[in-house]
Amino acid sequence: MADVLPTRSALVSRVLPFSCVDGPGNRLVLFLQGCNFRCPGCHNPHTIGLCDDCGDCLAVCPSGALTMSEGKVHWQEALCTDCDACLDVCPRSANPKTTTMTVDDVLALLRRYGPLLSGITVSGGEATTRLPFVVALFAAIKGAPDLTHLTCLLDSNGSLAETGWQRLLPVLDGAMIDLKGWRDSVHHTLTGYGRERVLGSLQLLARHGKLTELRLLHVPGKSDFLDAEGRLDRGLADFLRQLGAVPIRLNGFRRYGVRGEAMQWPEASQTELEQLASRLRAAGLGPVSRPALMG
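Residues numbered from 1 in each chain as written. Predicted model: local features only at pLDDT ≥ 70, side-chain atom pairs only at ≥ 80, totals over all residues. Heavy atoms only, no water.

Concerning the side chain of Asn157
Part 1 of the argument: Examined against the element boundaries, Asn157 turns out to sit in the loop between strand S7 (151-156) and helix H4 (162-168).
Part 2 of the argument: A polar contact of 3.1 Å, which involves the side chain of Asn157, links it to the side chain of Asn36.
Part 3 of the argument: A polar side-chain atom of Asn157 sits 2.7 Å from a polar atom in the side chain of Ser159.
Part 4 of the argument: Look past the residues within four positions of Asn157 in its chain and what remains in contact with it is Cys35, Asn36, Phe37, Glu126, Ile177, Asp178 and Val198. (Helix = DSSP H or I, 4+ residues; strand = E, 2+ residues; numbered from the N terminus. Polar contact = N/O pair within 3.5 Å; in protein donor to acceptor, adjacent residues only side chain to side chain. Contact = heavy atoms within 4.5 Å.)

Pasting the structure below:
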């Protein structure tokens, strides 16, 4: 029977041919559309929902790049000015400027840029909501003699169940996972969901040596990684020690791109991030990286 995996497809919000911040080296990044979390502080809220062809975006498009035909919204990339007015008015946090890409489409991009790349990172939205596509894509890369030098990484919220990870692990080189709150109530406030799946994913990936990076998001007045006295939460410290020597990246909340209530949240300062970083290092955790804040 012929291999049907390359016919798998997914809705893609954006492709970055080159990135040095989405994993080690120079990477092609695929942002898939759709997310199962509802984070108030999401910097890319237009990647959360799926277009239901309501047509609200047509009236605000200044270039006529969006049209309605047979009840479906159609996007003409050649006319688009990337003003993003359509993203601002969408009631579903969706993106009408998406493209359906097959595994073969992505392989063609990788072959085009391959000599300059270290690998591919599949992000989102939430990449694991399109698990069959991701598994098929990574398997195709691993099976292509001219692409075997590329590493396959996943940028994820960690919500995938263990059975899903078991399907992905054979073709996965590593995953970068967000932990946006320690106590379940805080995690729920910051993502709309509890933490248990995320903790389970971190433990599973660490056991298999495929936890490339753990990312902690600090939101002033909401995060709970440090207690009221500025000490590292003991339960968090114990959990992180169990994961082993995993790289930890600290991300500070910024209002860039956010909507709704998060527009009123205070932004994280360098001082606050350095305090958290020093507490993690003092506990023997890390290595810890603290990317520069913009603005």
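Focus on the nonpolar core
Part 1 of the argument: The biggest cluster of nonpolar side chains holds 70 residues, and the ones touching the most others in it are Leu137 and Phe138.
Part 2 of the argument: Sorting elements by how many residues they give to this core places helix H3 (residues 131-143) first, with nine residues.
Part 3 of the argument: Filtering out sequence-adjacent residues up to four positions away, Leu137 remains in contact with Leu30, Val103, Val106, Leu107, Ile120 and Val122.
Part 4 of the argument: Counting eight residues, the second-largest nonpolar core is a separate cluster that includes Val186, Phe253, Val258 and Ala262. (Core = buried A, V, L, I, M, F, W, Y, C linked by side-chain atoms within 4.5 Å. Buried < 20%, exposed > 50% of the residue type's maximum accessible area, 1.4 Å probe, protein only.)

A closer look at H3
Part 1 of the argument: Between its first and last C-alpha atoms H3 spans 18 Å; for 13 residues at 1.5 Å apiece the expected length is 18 Å, and the two agree.
Part 2 of the argument: Buried within H3 are the following residues: Leu131, Phe133, Val134, Val135, Ala136, Leu137, Phe138, Ala140 and Ile141. (Expected span 1.5 Å × (residues − 1).)

Digging into the sheet that holds strand S9 (residues 211-218)
Part 1 of the argument: With mixed pairing, nine strands are arranged side by side in an open sheet as S5-S1-S2-S6-S7-S8-S9-S10-S11. Unpaired on one side and paired on the other, strand S5 (99-102) and strand S11 (288-289) mark the two borders of the sheet.
Part 2 of the argument: Of the strand pairs in this sheet, S7 and strand S8 (residues 174-179) are connected by four bridges, and their pairing is parallel. In the strand pairing of S8, Leu154 is matched with Ala175.
Part 3 of the argument: Helix H6 (residues 196-207) contacts S8 and S9 of the sheet and is inclined by roughly 150° relative to S8.
Part 4 of the argument: Helix H8 (residues 270-282) rests against S9, strand S10 (248-252) and S11 of the sheet, and its axis sits at about 160° to S10. (Pairing = 2+ DSSP bridges. Axes fitted to C-alpha atoms, helices over the stretch in contact; angles between N-to-C directions.)

Comments concerning the packing of aromatic side chains
Part 1 of the argument: Across all of its chains, the model carries four aromatic pairs by this definition.
Part 2 of the argument: Pairing Phe18 with Tyr113 gives two aromatic rings, centres 5.1 Å apart and planes at 75°, and the pair type is edge-to-face. Taken together, the positions of Phe18 in strand S1 (residues 9-19) and Tyr113 in helix H2 (residues 103-113) put the pair 95 residues apart, joining distant regions of the chain.
Part 3 of the argument: Judged by relative accessible area, Phe18 falls into the partly exposed class, the value being 36%.
Part 4 of the argument: Seen in terms of ring centroids, Trp182 and Phe239 are 5.7 Å apart; in terms of plane orientation they differ by 45°. Their pairing is tilted. Remark: Phe239 occurs in helix H7 (residues 234-243) and Trp182 occurs in the loop between S8 and helix H5 (184-191); sequence separation between them is 57 residues. (Phe/Tyr/Trp six-rings, centres within 6.5 Å; stacked < 30°, edge-to-face > 60°.)

Topic: the state of the cysteines
Part 1 of the argument: One pass over the full model with this rule turns up zero disulfides.
Part 2 of the argument: Free of any disulfide, Cys61 has its nearest cysteine sulfur in Cys83, 6.2 Å distant.
Part 3 of the argument: Under the relative-accessibility criterion, Cys61 is labelled buried at 18%. (Disulfide = S-S within 2.5 Å.)

What about unusual backbone geometry?
Part 1 of the argument: Look at the link from Gly124 to Gly125: it is a cis peptide, with omega at 20°.
Part 2 of the argument: Checked against the element boundaries, Gly125 lands in the loop between strand S6 (119-123) and H3.
Part 3 of the argument: Geometrically, the link from Gly286 to Pro287 is a cis peptide bond, its omega value of 20° lying close to zero.
Part 4 of the argument: Its location among the elements puts Pro287 in the loop between H8 and S11.
Part 5 of the argument: Residue Asp82 is not a glycine yet carries a positive backbone phi of 55°.
Part 6 of the argument: Topologically, Asp82 is positioned in the loop between strand S4 (72-75) and helix H1 (85-89).

These figures capture arrangement, not role.
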